[in-house]
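# Observations on the three-dimensional arrangement
Listed below, chain by chain, are the residues.
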Amino acid sequence: MLAGMTTRTPPEPEHGVLYVSGRRLSFLDFGGPGRPLLALHGHFAEGRTFTRLAAELGDSWRIAALDQRGHGHSDRSADYSRTGYVEDAAAVLEHLGIGGAVVLGHSLGGVNAYQLAARRPGLVDALIVEDAGAEVDEDLSFALSWPHRASTRAGLLEGLGPSAPYLVDAVREYPDGWGLTFAPQDMNASQQLLNGDHWDDWLAGDCPALLVRGSRSRVLHAEHARSMAARRSRTSLVELPAGHTVHETVPVEFAGAVRGFLGSL
C-alpha cells in the first residue's frame, strides 16, 4: 500500500428480502443517513460486488445492492426479459419506500438502470452506467460447459478453467457439493434477451448521467461510448484504466469518479 493511503473498512450490510410474484429477491442495504443509491450488478455477479464502493462513499450515500433474478441469493426465474429485470429494480425501490434514487449499473445492470430510468422516470433521479452500451451483442454460451457441481471447491475451480479467477466470489457449497451462485443456462438465456438495440431507452431519459468506460474494455468500445455521451443530454463520459469490470479493477478511481458525479447533483 502506498504511503498516506488508507483502506476504508467495508460497512456491514443488512440482508433484505422481498417477494415478487412468489419469487424471492435478495438485496444488501448498506444503510447510512445519505441519499439512496440502487446498485445493479452484471452477469455472474451479485450485490456484494459493490461492498468496496459502499465503503468508499461512506455515509453520504445509502447503497442498496440487489441480487438480480437468478443471481446470488435471489431465486431463479423463468423470465429473463428486459421488462422482468426492470420490474425487479422498481420493486426494490418501492419496497424501501424510495421515490427517487441514483441508479448505478454495471454491464447487464447498466442496461437495466437506464431502462428503468426510461420506463419509470419517477423512480430515478440520476444514472451511473458502467461499461454498458446502447447496443449489445455478446455471447455467454461458453458458460454452458461449466460444471454444475463438484465434490470439492478446488475441483469446481479446476473445472471452470481459465474463467475460475473471475468466478471465485460466485462459488458456494451446497448440500450436493460445490457450485456457482447462478445457473449458466440462465445467464446464457439472459444475455440473449439483453442483446439488441436499446438506443430508444438510452435517449428517453433526461436525468443527469455518468457513463464510465474501461479504457481496455472489449464490451463498450470507445467510439460507441462517445456517441452515447454526445447524443444524450446531461451525460458525461469518464474513461478509467481498466477492462470491463471497472469497479473491481480500479475501485478507488471508480469511486472517485462516482463521488465527483454525485457531488455535482
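Relevant structure appears above.
For every chain, the first residue of its written sequence is number 1, and the numbers climb from 1 along that sequence. Thresholds applied to this predicted model are a pLDDT of at least 70 for local features of residues and 80 or more for the giving and counting of side-chain atom pairs; totals over whole chains, interfaces and linings are not thresholded and use all residues. Excluding hydrogens and water, the side-chain figures rest on all heavy atoms present in the structure.

### What to know about empty space enclosed by the protein
- In this analysis the probe radius is 1.4 Å and the grid spacing 1 Å, with only protein atoms considered; a cavity is a set of points the probe fits into but cannot get out of, a pocket is an open set with protein on both sides within 12 Å along at least five of seven lines, and lining residues have an atom within 4 Å of a point. Grid points are joined across faces, edges and corners, and a volume is the space filled by probe spheres set on the points. Under the defined criterion, the tally for this structure stands at one cavity of 30 Å³ or more.
- Taken as a whole, the largest cavity spans an internal volume of roughly 30 Å³.
- Along the walls of the largest cavity sit D29, P36, L37, L38, R62, A64, L93, L96 and I98, which together make up its complete lining.
- For the lining of the largest cavity, the secondary-structure elements that each account for two or more residues are strand 3 (35-40) and strand 4 (61-67). Only DSSP runs of H or I with at least four residues qualify as helices, and only runs of E with at least two residues qualify as strands; both kinds are numbered from the N terminus onward.

### Here we look at the packing of aromatic side chains
- Two aromatic rings, drawn from Phe, Tyr or Trp (for Trp, its six-membered ring), form a pair once their centres lie within 6.5 Å of each other, and the interplanar angle then sorts them: stacked below 30 degrees, edge-to-face above 60, tilted otherwise. The tally for this structure, following the rule as stated, stands at seven aromatic pairs.
- Ring centres of Y80 and Y85 lie 6.2 Å apart, and the angle between their planes is 50°; on these two criteria the pair is classed as tilted. Comparing Y80 with Y85 shows no difference in burial state: the two are buried.
- Ring pairs connect the aromatic residues F44, F142, W146 and F182, which therefore count as one cluster. Partly exposed residues are those whose accessible area sits between 20% and 50% of the maximum for their type, while under 20% is buried and over 50% is exposed, using a 1.4 Å probe and protein chains only.

### Some points on the layout of surface pockets
- Of the pockets and cavities examined, the largest pocket occupies roughly 1400 Å³.
- Of all elements in the fold, only helix 3 (108-119), strand 7 (135-136), helix 5 (164-167), helix 6 (184-194) and helix 9 (246-249) reach the threshold of two or more residues within the lining of the largest pocket.
- Along the lines of polarity and charge, the residues of the lining of the largest pocket split into 18 nonpolar, 17 polar and 11 charged.
- Approximately 270 Å³ is the volume attributed to the second largest pocket.
- Lining the second largest pocket we find 15 residues, and of these H148, R149, L180, F182 and A183 sit closest to its centre. Under the scheme applied here, ten amino acids are nonpolar (Ala, Val, Leu, Ile, Met, Phe, Trp, Tyr, Cys and Pro), four are charged (Asp, Glu, Lys and Arg), and all others, including Gly, are polar.

### Describing the pattern of salt bridges
- By definition here, a salt bridge exists when the distance from a side-chain nitrogen of Lys or Arg to a carboxyl oxygen of Asp or Glu is within 4 Å. One pass over the structure, following the stated rule, counts 13 salt bridges.
- We note a salt bridge from R69 to D79, for which the minimum N-O separation is 3.7 Å. Within this pair, whereas R69 is found in the loop between strand 4 and helix 2 (82-95), its partner D79 is found in the loop between strand 4 and helix 2, the two being separated by 10 residues in sequence.
- Put simply, E239 and R213 hold a salt bridge, and the shortest N to O gap is 2.8 Å. With E239 in strand 12 (residues 235-240) and R213 in strand 11 (residues 209-214), the pair connects residues that are 26 residues apart, well separated along the chain.

### Focus on the environment of A154
- Relative to the helices and strands, A154 resides in helix 4 (residues 153-160).
- Take A154: its relative accessible area is 54%, and that puts it in the exposed class.
- For the pair A154 and W178, spaced 24 residues apart in sequence, the C-alpha separation works out to 9.0 Å.

### Let's talk about the sheet that holds strand 2 (residues 23-29)
- In this scheme, strands are said to pair when DSSP sees at least two bridges between them. One open sheet holds the eight strands; their spatial order is 1-2-4-3-5-6-11-12, and the pairing between them is mixed. Among the strands making up the open sheet, the edge pair consists of strand 1 (14-20) and strand 12. Strand-to-strand twist of the sheet, defined as the mean angle between neighbouring strand axes without regard to direction, takes the value 20°.
- Judged from the seven bridges that link them, strand 1 and strand 2 form a sheet pairing that is antiparallel. Pairing of Y19 across the sheet is with R24, part of strand 2.
- In the packing of helix 3 onto the sheet, contacts are made with strand 3, strand 5 (101-106) and strand 6 (124-130), and the angle to strand 5 comes to roughly 145°.
- Should any heavy atoms of two residues lie within 4.5 Å, those residues are counted as being in contact. Angles here are taken between N-to-C directions and fall from 0 to 180 degrees, while the axes themselves are lines fitted to C-alpha atoms, restricted in helices to the stretch in contact. Running at roughly 155° to strand 6, helix 10 (residues 251-263) makes contact with strand 3, strand 4, strand 5, strand 6, strand 11 and strand 12 of the sheet.

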